[in-house]
Amino acid sequence: MTSTGADPGTAAGIIRLGTAFCDAKALLTAVRLDLFTVLAQNPATAGELRTLLRLHGRGLPEFLALLAARGLLRRDVDGRYHNAEGADRHLVAGRPGAVTGFLIGADINLYDVYGRLGEALRTGKPQADGDFAGMLQDPVAVDRFARMMDGLTEGFGAKLLDALDGTTFRTVLDVGGCRGHLTGQLLAARDDLVGHVFDLPQMEPVFDEHMAELGLTERAHFHAGDFFRDPLPPADVIIFGHNLSDWDPDQRRLLLTKAYTALSPGGTVLVYDRMLGERRDDTENLVASLNMLLVTEGGREYTVAELGAQARATGFSSITHRPLADHDTLVSCRKD
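Residues numbered from 1 in each chain as written. Predicted model: local features only at pLDDT ≥ 70, side-chain atom pairs only at ≥ 80, totals over all residues. Heavy atoms only, no water.

**Digging into the sheet that holds strand β3 (residues 171-175)**
Then step 1. Strand order in the open sheet made by the seven strands is β5-β4-β3-β6-β7-β9-β8, with mixed pairing throughout. Strands with a single pairing partner mark the edges of an open sheet, and in this sheet they are β5 (220-224) and β8 (317-323). Recorded for the sheet is a direction-independent mean angle of 20° between the axes of neighbouring strands.
Then step 2. Of the strand pairs in this sheet, β3 and strand β4 (residues 194-199) are connected by five bridges, and their pairing is parallel. What sits directly across from T171, in β4, is V194. (Pairing = 2+ DSSP bridges. Helix = DSSP H or I, 4+ residues; strand = E, 2+ residues; numbered from the N terminus. Axes fitted to C-alpha atoms, helices over the stretch in contact; angles between N-to-C directions.)

The structure is reproduced here in structure tokens:
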């Protein structure tokens, strides 16, 4: 059986696997319509949802029934739909565990581009329309991208602090940390920490806004720059989260070298990513690596062994790794 529940040993199972995109688009559409947020306020019938969401109505009963069949909604005997437990926890915009920002970003940035996967495999070239530099010129797109990244770091602050247990550190730098979602988690957990985020200048307004919302402006600092051209600010702990996979091996090595230079003696670099070969079922991480093929020039997911060899060549010692989340692996690299 595949992770979709389809049996690839049967014709029906293969057809089901080949049309799994239908389920995906139903979920992504429900998120874009804000269906789960609306239902979190009040359960509603199909007719009521038609009005609330300003829909035509044709296909709506089947759409809602499909979401219920996939365990995202519940339907009472009176015909009212409620969010299922997982949907209520993770698909209601604004809630701490919400992944809606990530799903909206995936719908916008990945769904259509997968239609050009064959061309990417033939040419080795990314297939996304536009580029990251173009996105940076649109403040709305920048905010959307930053919130998409939030969904990838939700709950990671406590896990990283647990991995650092027994070490002494006062300053933390998140390289490519967008609007500081992870930094906010770290500072909220430890009031003795000072946090730094290094990212492109266009991220500074959304960072400032988010830190003000969290009441952390006194302890959170933004450093604008390009990490391939500019030096990294010094820190006791430097974090690379879900961004080394955006680059080719030579670029990853350069970033590790820059981090080694910026790191305090005895400090630690933490790298977490969808690393390959660390799970019995690597399906999600293999998909993540194909995402990099489609949207970057040279990125791909990598193994712990690959990263460890690069870190040792850079000068790091005491390189260890551990599971971080469902699909992420954390590698810790210490500087003597």
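From this point on, the discussion continues.
**Observations concerning the packing of helix α2 (residues 20-32) against helix α7 (residues 100-111)**
Then step 1. Following both chains from N to C, one finds α2 and α7 inclined at 125°, their axes separated by 9 Å at the closest point. As the angle between them shows, α2 and α7 are arranged oblique. The chirality of how α2 crosses α7 is left-handed. Packed against α2, whose contacting residues are F21, K25, L27, L28, V31 and R32, the element α7 presents T100, L103, I104, D107, I108 and Y111 at the interface. (Parallel < 35°, antiparallel > 145°, perpendicular 65-115°, else oblique. Left-handed = near helix turned anticlockwise from the far one by under 90°. Contact = heavy atoms within 4.5 Å.)

**Comments concerning the packing of α2 against helix α5 (residues 60-69)**
Then step 1. Where α2 contacts α5, the two axes come as close as 10 Å, and the packing angle between them is 105°. As far as their axial angle goes, α5 and α2 are roughly perpendicular. In this structure, α2 contributes D23, A26, L27, T29 and A30 to the contact, and α5 contributes F63, L66 and L67.

**Observations concerning the nonpolar core**
Then step 1. Core analysis: the largest hydrophobic core is formed by 28 residues, its most contacted members being L160, I239 and Y272.
Then step 2. Looking at this core, the elements that each hand over two or more residues are α10 (139-153), α11 (156-163), α12 (181-189), α13 (204-214), β5, β6 (235-241) and β7 (263-273).
Then step 3. In this view, Y272 contacts T153, F156, L160, L182, I239, F240, G241, H242, L324, D328, T329 and L330; residues no more than four positions away in its chain are not counted.
Then step 4. A235, I238, F240 and L244 belong to the second-largest nonpolar core, a separate cluster that totals 24 residues. (Core = buried A, V, L, I, M, F, W, Y, C linked by side-chain atoms within 4.5 Å. Buried < 20%, exposed > 50% of the residue type's maximum accessible area, 1.4 Å probe, protein only.)

**Details of the side chain of D199**
Then step 1. If you trace the backbone, D199 turns up in strand β4.
Then step 2. Summary of buried charges: D199 has no salt-bridge partner, and the nearest side chain of opposite charge, R179, is 11 Å away.
Then step 3. Apart from the residues lying within four places of it in its own chain, the contact partners of D199 are G176, G177, C178, F222, H223, A224 and G225. (Lys, Arg positive; Asp, Glu negative; His and termini not counted. Salt bridge = Lys/Arg side-chain N within 4 Å of Asp/Glu carboxyl O.)

**Structural notes on the side chain of T100**
Then step 1. Mapped onto the elements, T100 comes out in helix α7.
Then step 2. Once residues lying within four places of it in the same chain are set aside, the contact partners of T100 are V31, H90, L91, V92 and A93.

**Digging into the packing of aromatic side chains**
Then step 1. Under the defined criterion, the tally for this structure stands at six aromatic pairs.
Then step 2. Measuring from ring centre to ring centre gives 4.8 Å for F228 and W247, while their planes differ by 85°; the resulting arrangement is edge-to-face. With F228 in the loop between β5 and β6 and W247 in the loop between β6 and α14 (249-262), this residue pair connects regions lying 19 residues apart in the sequence.
Then step 3. A residue is classified by how much of its surface remains accessible, and W247, at 25% relative accessible area, is partly exposed.
Then step 4. When the centroid spacing of 5.0 Å and the interplanar angle of 90° are considered together, the rings of Y260 and F316 count as edge-to-face. In this pair, Y260 is assigned in helix α14 and F316 in the loop between α16 (304-314) and β8, connecting sequence segments 56 residues apart.
Then step 5. By relative accessible area, which is 23% here, Y260 ends up partly exposed.
Then step 6. Residue class for F316 comes out buried when judged on its relative accessible area of 4%.
Then step 7. Here the basic side chain of K25 rests over the ring of Y111, its NZ or CZ set 4.5 Å away from the ring centre.
Then step 8. A cation over a ring is seen here: R190 above F169, with NZ or CZ 4.4 Å from the ring centre. (Phe/Tyr/Trp six-rings, centres within 6.5 Å; stacked < 30°, edge-to-face > 60°. Lys NZ or Arg CZ within 6 Å of the ring centre and 35° of its normal.)

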